[in-house]
Amino acid sequence: MNSGTTRREMMKQSLALAGVMGVPGWALPALAQDEAPVPFTDVPENFGQPNPASSIRIYDVRNIDGPYTPADAFYTIQHFDKPVIDPSGFSLGVSGLVDRPAQLSLDDLRAMDSIEIDAGYECSGNSRRLIQGLASNGRWTGVPLRAVLDLVGVKPAAREAVFFGADKGPERVDFRGTPHEVDQPFARSLSLADGMASGPLLAYALNGAPLTLEQGSPLRLLVPGWYGVSNVKWLSHIRLQSERFVGKWQARWYRTLWSEEIGGETVWHETEVSRLRVKSVIARVTRVGGRHEVLGFVLHDGTPLRGVQVKVDDGAWQAATLDPSTNGQYSWKLFRFTWTGAAPGEHTLVSRVTDVNGNVQPTSDELSAIKQTGLEDNSQFPRTVMVA
Ligand SMILES: Nc1nc2c(c(=O)[nH]1)N[C@H]1C(S)=C(S)[C@@H](COP(=O)(O)O)O[C@H]1N2
Ligand SMILES: [Mo]
């Protein structure tokens, strides 16, 4: 961070860039009668207002009031214009190293056994500057990816499944200094092992209703426990192949530079964005009579959690309680913490989550020592609130 630039200025600049500064008038969702909102002092005044000029929709996490994000508030982001696809004329192509290439209509897919899964995820570019608003949680309905792969019969030579969206745009590929510009679709791949696991879903509904245009209507891939970029919207084609897929959105744009101990040495190396790194966020604080209630959420890759803790100012870490309404493996997990004895004035609250494999949410200093690039920022997010 540049010295001389305050945190608030930084936040304003990046919010303006993201196109989210808008109309004033944010209001909390319905509160119990004896419940009063406690304002965050780290949220710009106009944050969270819908901005029709932006193709990004930020979810104002202060509005969380249940396990599922409503479809019309669900965060949304994409790289190109949103393609409008007529569901009645739609079919999903499946080709490449398969025994029976197929074109599957929406009716074909709906006729297959469906499953429902609660899954929460965030954009790998989500950050404290957006008040973690590129995150949401929903109940998804669709067909297990592996059922479709079984239907077409994957040949033994196949090692990857590539998922193509219907959206595309000009892509500049530099080859040893010479630029080549062609249109390329948004595309991502999964190894066959990841694709045949029980999680991935070809989803046609969110929270019980058909996908909206923003969510990738009529069909999208959903990879529970992975960053949002894996969830290819406006899915039009699946191709099975033996070679690695190295398209921009797989191999170049969504990667992270890490420092790790490899063979006894500290090595910097790049990885693809894939599984969610465990993260917790304090989302809202209310006063209820003489005490304060803190609500937050956890995003993770499905590994069971050991627990969430909350720290007030310079106090000790204290255990928060996981809300039983969000106990699906891949759901985000809501947590609650009762804060007693808050004195009037500004306070700092921060949360920290740990999973059973011992992955602990790092501080931002700890993370920046081992990661140089901007994606996959799961660092602890200290919040400031003003107690009246
Ligand atoms: N076809 C297509 N799918 C896409 C994208 C895109 O640009 N095109 N963006 C990805 C990214 S970066 C994210 S974070 C998620 C966002 O999904 P959502 O808008 O439903 O929340 O979609 C992913 N799927
Ligand atoms: Mo993303």
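Reading guide: rules and limits
For every chain, the first residue of the written sequence is number 1, and numbering continues from 1 along that sequence. Labels follow written order: the first chain is A, the first ligand is 1, and so on. This being a predicted model, a pLDDT of at least 70 is required before a residue's local features are given, and a value of 80 or more before pairs of side-chain atoms are given or counted; all residues contribute to the totals for chains, interfaces and linings. Side-chain metrics in this entry use all non-hydrogen atoms of the structure; hydrogen atoms and water are not considered. When we say a residue is near a molecule or strand, we mean one of its heavy atoms is within 4 Å of it. Pairs of N or O atoms within 3.5 Å make up the polar contacts considered here, provided that, within protein, one atom can donate a hydrogen while the other can accept it, and that residues adjacent in sequence are counted only when both atoms are side-chain atoms. Accessible surface is estimated by sampling points in the Shrake-Rupley manner with a 1.4 Å probe; for residues, cover comes only from the protein chains shown. Amino acids outside the nonpolar list (Ala, Val, Leu, Ile, Met, Phe, Trp, Tyr, Cys, Pro) and the charged list (Asp, Glu, Lys, Arg) are all regarded as polar, and Gly is one of them. Two strands pair under a simple rule: DSSP has to find at least two bridges between them. Runs of E in the DSSP output that reach at least two residues are strands. Runs of H or I that reach at least four are helices, and both are numbered from the N terminus. Working definition of a nonpolar core: buried Ala, Val, Leu, Ile, Met, Phe, Trp, Tyr and Cys residues. They are joined through side-chain atoms within 4.5 Å. Summary of the burial criterion: residues with accessible area below 20% of their type's maximum are buried, those above 50% are exposed, and those between are partly exposed, where the area comes from a 1.4 Å probe applied to protein chains only. Where each domain begins and ends is defined by an automated method or by a domain database. Note on contacts: a residue pair qualifies if any of its non-hydrogen atoms lie within 4.5 Å across the two residues. Note: buried area is the sum, over both parts, of the accessible area (probe 1.4 Å) each one loses when the two are combined. Take a side-chain nitrogen of Lys or Arg and a carboxyl oxygen of Asp or Glu: if they are within 4 Å of each other, that pair is a salt bridge.

Taken together, 18 residues lie around ligand 1, and Tyr75, His79, Asp167, Arg220 and Lys233 are the ones closest in. Between an oxygen atom of ligand 1 and a main-chain N or O atom of Ile77, the distance comes to 3.1 Å. One of the side-chain N or O atoms of Asp167 is found 2.7 Å from a nitrogen atom in ligand 1. Burial of ligand 1 by the protein amounts to 99% of the accessible area it has alone, namely 530 Å². Of the residues contributing to the shell around ligand 1, the split by class is ten nonpolar, five polar and three charged.

A few words now on the sheet that holds strand β14 (residues 279–288). Sheet strands pair by backbone hydrogen bonding; their relative direction is either parallel or antiparallel. Strand order in the open sheet formed by five strands is β1-β14-β15-β19-β18, with antiparallel pairing between adjacent strands. A strand with exactly one partner marks an edge of an open sheet, and here the two such strands are β1 (35–37) and β18 (321–322). Note that strand β15 (residues 291–299) and strand β19 (residues 333–339) share seven bridges and pair antiparallel. For Val298, the partnering residue across the bridge sits in β19 and is Lys333.

Bringing the nonpolar core into the picture now. Core analysis: the largest hydrophobic core is formed by 92 residues, its most contacted members being Trp140, Ile238, Phe297 and Trp339. Per-element accounting of this core gives the leading share, six residues, to strand β8 (residues 201–206). Among the domains, domain 1 (9–51 + 275–387) and domain 2 (87–258) are the pair contributing at least three residues each to this core.

Our focus in this paragraph is the pairing of strand β3 (residues 102–105). Covered by surrounding structure in β3 are Ala102 and Leu104 only, the residues Gln103 and Ser105 on the alternate face being uncovered. Inspection of the sheet shows strand β2 (residues 91–96) paired to β3 by four bridges, in the antiparallel sense. Paired with Leu92 across the strands is Leu104, a residue of β3.

The next thing to look at is the domain arrangement of the chain. Splitting the chain by domain gives domain 1 (9–51 + 275–387) and domain 2 (87–258). The C-alpha centroid of domain 2 is placed 29 Å from the C-alpha centroid of domain 1. At the junction of the two partners, domain 1 supplies 34 residues and domain 2 supplies 28 residues. For the pair domain 1 and domain 2, the two sides together bury roughly 2900 Å², of which 61% comes from carbon and sulfur. If you sort the residues of domain 1 by the area they bury against domain 2, Arg275, Tyr330 and Leu375 come out on top, with a joint share of 23%. Summed over the shared surface of domain 1 and domain 2, the result is two salt bridges. Two residues, Lys279 and Glu122, come together in a salt bridge whose shortest N-O distance is 2.8 Å. Connecting domain 1 to domain 2 are 15 residue pairs in polar contact (both at pLDDT 80 or more).

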